[in-house]
Amino acid sequence: MLILWAALLLPVGAGAFYLYQKHQQLDAALHDLAPRYARLAGLQQHAELIHQLAQSAQMALEQRMYVATEASAVANDALQRARAALEESGLSIEASQAGVPQDDGALQRVGLNLTVEGDIAAIVAGLQKLQASRPAIRVLKLSIRPAGLTPPSSNPRLKLQLVLAVWRQATP
């Protein structure tokens, strides 16, 4: 009789042990998924806010760099904008050249080289206009030297060598 009870209880006990192990595995999987589910639920709950933030980030990006534009068009546009800003400030442009785009991580940097001449007030005004331009034109290097002999009592003319840069999104 004992053997009969043992033969009946052994499969029941093995089944119960198997169910207990599966329960523990599923419980661990649920504990692992709970934070992921909570993050996903939070993202879905704040989808509109996330969309608005993404749009404002895209607008901020477009103010600072060229987005989805051909590299040669970027170079030409940036060079024209830099020339216009410097000429409006009273500087005379002696030379200007757009460089070849260089990869800078996920971006491409387009270099601009300009040689300009003018007095100190015009130089300050020109640099301020470059700083305020959108998409951004940044000064990477600046060298100033006298444009020639100037009497001590007059406002000296200076020659500026500018190395500028604009950025654009690199095409994949």
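Notes on the structure follow.

Analysis parameters
- Residues numbered from 1 in each chain as written.
- Predicted model: local features only at pLDDT ≥ 70, side-chain atom pairs only at ≥ 80, totals over all residues.
- Heavy atoms only, no water.
- Helix = DSSP H or I, 4+ residues; strand = E, 2+ residues; numbered from the N terminus.
- Buried < 20%, exposed > 50% of the residue type's maximum accessible area, 1.4 Å probe, protein only.
- Contact = heavy atoms within 4.5 Å.
- Areas by Shrake-Rupley, 256 points an atom, 1.4 Å probe, with all protein chains shown as cover.
- Lys, Arg positive; Asp, Glu negative; His and termini not counted.
- Charge placed at Lys NZ, Arg CZ, Asp CG, Glu CD.
- Core = buried A, V, L, I, M, F, W, Y, C linked by side-chain atoms within 4.5 Å.
- Expected span 1.5 Å × (residues − 1).
- Polar contact = N/O pair within 3.5 Å; in protein donor to acceptor, adjacent residues only side chain to side chain.

Attention now moves to the overall build of the protein. Of regular secondary structure, the protein possesses four helices and five strands. Scanning the protein from its N terminus toward the C terminus, one meets helices and strands in the order α-α-α-β-β-β-α-β-β. C-alpha atoms of the protein, sized along the principal axes, occupy 125 × 35 × 30 Å. The burial tally for the protein puts 23% of its 172 residues in the buried class. Counting contacts in the protein only where the partners sit at least 6 residues apart, residues at least 24 apart contribute 66% of the total. With an accessible surface of roughly 11,800 Å², the protein has 62% of that area assigned to carbon and sulfur atoms. On the protein, the mean spot of the 15 positive side-chain charges and the mean spot of the 13 negative ones are 4 Å from each other.

Below, the discussion takes up the nonpolar core. Ranked by size, the top nonpolar core spans 23 residues in total, and within it Leu86, Leu114, Val116, Leu130, Leu162, Leu164 and Val166 carry the most contacts. Those elements that place two or more of their residues in this core are helix H3 (71-88), strand S3 (107-118), helix H4 (120-132) and strand S5 (158-169). The biggest single contributor to this core is H3, with seven residues. With residues near it in sequence (within four places) discarded, Val116 still touches Leu86, Leu91, Ser92, Ile93, Glu94, Leu158, Lys159, Leu160 and Leu162.

One turn of an α-helix holds 3.6 residues; hence residues three or four places apart share an orientation. Here H4 spans 19 Å end to end across 13 residues, near enough to the 18 Å set by a 1.5 Å rise per residue. Turning to H4, the residues buried within the fold contact H3, S3, strand S4 (138-146) and S5.

Turning to the side chain of Lys159, a few remarks are in order. When you line up the elements, Lys159 lands in strand S5. A relative accessible area of 18% means that Lys159 is categorised as buried. Among the polar contacts listed, one links the side chain of Lys159 to the side chain of Glu94, at a separation of 3.1 Å. Among residues more than four places away in sequence, those in contact with Lys159 are Glu94, Thr115, Val116, Glu117, Ser143, Ile144, Arg145, Pro146 and Ala147.

In the segment running from Arg134 into Pro135, the intervening peptide bond is cis, with an omega of -10 degrees. Take Pro135: it is sitting in the loop between H4 and S4.

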